[in-house]
Amino acid sequence: METMYDVIIVGSGPSGLTAAIYTTRASLKTLVIAGAKWGGQLQLTTDVENFPGFPDGIQGPDLMQAMRKQAERFGAEFIDDNMTATDFTTQTKGPFTVAVGSKTFQGKVILIATGADAKTLGVTGEAALTGKGISYCATCDGAFFRNKNIIVVGGGDSAMEEANFLTLFASSVTLVHRRDEFKASQIMLERAQKNPKIKFLMNSQITEVTGQNHVEAVKIQNTTTKETTEMPIDGVFVAIGHTPNTAIFKGVELKEGGYVNAMHTTHTNIEGIFVSGDVTDNHYQQAITAAGWGCMAALDIEKYLREE
Amino acid sequence: MSDKTFTDADFQQEVLEEKSMPVLVDFWAPWCGPCKIVGPVVEKLAEEFKGKVKVGKLNVDENPQISGQFGIMSIPTLLFFKNGQVVKSTIGAQGEEALRGMFTEVLSA
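None of these values were measured; they are calculated from a predicted model.

**Topic: the interface of chain A and chain B**
Right, so step 1: Every contact between the two is made by 23 residues of chain A and, on the other side, 18 residues of chain B.
Right, so step 2: The element that contributes the greatest number of residues to the side of chain A that touches chain B is helix 4 (residues 138-141) of chain A, accounting for 3 residues.
Right, so step 3: Here the residues of the side of chain A that touches chain B are counted per class, giving 7 nonpolar, 11 polar and 5 charged.

**Points about the nonpolar core**
All names here are of chain A.
Right, so step 1: In terms of nonpolar packing, the biggest core is built from 113 residues, with Leu111, Ile112, Val152 and Val236 touching the most fellow members.
Right, so step 2: No other element matches helix 7 (residues 287-307), which puts 7 residues into this core.
Right, so step 3: Sequence-distant contacts of Leu111, that is, excluding residues within four places in its chain, are made with Val7, Ile9, Val10, Ala19, Phe274, Ser276, Ala297 and Ile301.

**Observations concerning the environment of Gly107 of chain A**
Residue and element names in this part refer to chain A.
Right, so step 1: By the element assignment, Gly107 lies in strand 8 (residues 103-112).
Right, so step 2: Along the chain, Gly107 and Val7 lie 100 residues apart, while their C-alpha atoms are 5.5 Å from each other.
Right, so step 3: When sequence neighbours within four positions are dropped, the list of residues in contact with Gly107 reads Tyr5, Val7, Ile8, Leu31, Gly94, Pro95 and Phe96.

**Observations regarding the sheet that holds strand 17 (residues 235-238) of chain A**
Residue and element names in this part refer to chain A.
Right, so step 1: The strand order 10-17-11-12-13 describes an open sheet built from 5 strands, whose pairing is parallel. If you trace the sheet from one side to the other, it starts and ends with strand 10 (134-135) and strand 13 (198-201), each paired once.
Right, so step 2: In the sheet, strand 10 pairs with strand 17 via 2 bridges, with the strands oriented parallel. Paired with Ser135 across the two strands is Phe237, which belongs to strand 17.
Right, so step 3: In this fold helix 5 (residues 157-166) packs onto strand 11 (149-153), strand 12 (172-176), strand 13 and strand 17, with an angle of close to 165° to the strand it touches most, strand 11.

**Section: the pairing of strand 12 of chain A**
Residue and element names in this part refer to chain A.
Right, so step 1: Most of strand 12 is tucked away, with 4 of its 5 residues classed as buried.
Right, so step 2: As judged from the 5 bridges shared by strand 11 and strand 12, these two strands associate in the parallel manner. Pairing of Ile150 across the sheet is with Val173, part of strand 12.
Right, so step 3: As paired elements, strand 12 and strand 13 share 4 bridges and run parallel to each other. Looking across to strand 13, one finds that Val173 is bridged to Ile198.

**A look at the confidence of the model for chain B**
Right, so step 1: Predicted confidence across chain B gives a mean pLDDT of 92, with 98% of residues reaching 70 or more.
Right, so step 2: Two numbers describe this predicted complex: its pTM, 0.82, and its ipTM, 0.72.

About the cut-offs
Residues numbered from 1 in each chain as written. Chains lettered and ligands numbered in written order. Predicted model: local features only at pLDDT ≥ 70, side-chain atom pairs only at ≥ 80, totals over all residues. Contact = placed C-beta atoms within 7 Å. Helix = DSSP H or I, 4+ residues; strand = E, 2+ residues; numbered from the N terminus. Nonpolar A, V, L, I, M, F, W, Y, C, P; charged D, E, K, R; others polar. Core = buried A, V, L, I, M, F, W, Y, C linked by C-beta atoms within 7 Å. Buried ≥ 20, exposed ≤ 12 C-beta atoms within 10 Å, placed from the backbone. Pairing = 2+ DSSP bridges. Axes fitted to C-alpha atoms, helices over the stretch in contact; angles between N-to-C directions. pLDDT = per-residue confidence, 0-100.

Dropping the structure here:
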């Protein structure tokens, strides 16, 4: 018989780790299935300037390391691998059994805090050239594009941040955006507009990436005139938003955009399965809101287990 | 713990000319978040497969020649070599079970 956990938290970004800090401090036996790439999206960033408590900013990976340490201090157990897809359709309540590779675990409660992963362009040539000039992580791969010409795709804050960051290495950055207006905040947009190395290509989208062993060119279509041009380029950084990671939780009800549907506060359609953070949040998507949501879920879980 | 490192200078001898067993090279850099995730997993498996697979890290900042030669444009990248040839490669952080599977696959091939 496997150990029975009070809570199994799936995911280890700000939401999952905040929840783990709260559940362990409430003396709930907590397992965090942290994923093969633990730490969530902040592992892929550099300076985090808007997380309260760090007046000079903090490096994303350092912040995640600190949160994990804090959760471990109170006894949270971690598995740094992915949970196997599980069908919860017939379950009306806990305990739940989940698997990681060949090991299985039982929990009275599950918290879904799997966050979201970078969206892909979905164009020809993308899969074959990923890691060979196409990247979803500027901070990981930027340094390989020293004195190269690159494209950043997207119109939000993360696209602006990546474009700015990449000018540290690249000789030119072209920001390709399919609309003529931006979702990015004013401060991030202005920073990019003032950067002499960044050019803007509006109303445009990439339709194909080409190259033999690495990216050599892209085909770009003007979304208004439908005209397609070819542009030689050394690298393409994709920053067009995120897709919530819900595929492993079959039977859990989703809402528009594939996010988990939170019924009231942090409960899902299945009793005993809770949700928090970017996997349910189709609007705010900040480290601090994810963390706050994790806290809410932990308090809801505590109350639920007490009343059980 | 394995803390073996390869460099531009010793790569030929340590990796390409290694005939007695497969070699895994972990291309990384200190500024790379996902490299810090995959690093400890690689070290754990290096210990587990000691004497069967030679495992070491290569810092891409300090060794641009080898990184360029193998077209590394994203890290972490893991390359498995057998008799001087790349027989398996993977880009991005991988879980322990997935990586263990690759070790086993390379050994049995």
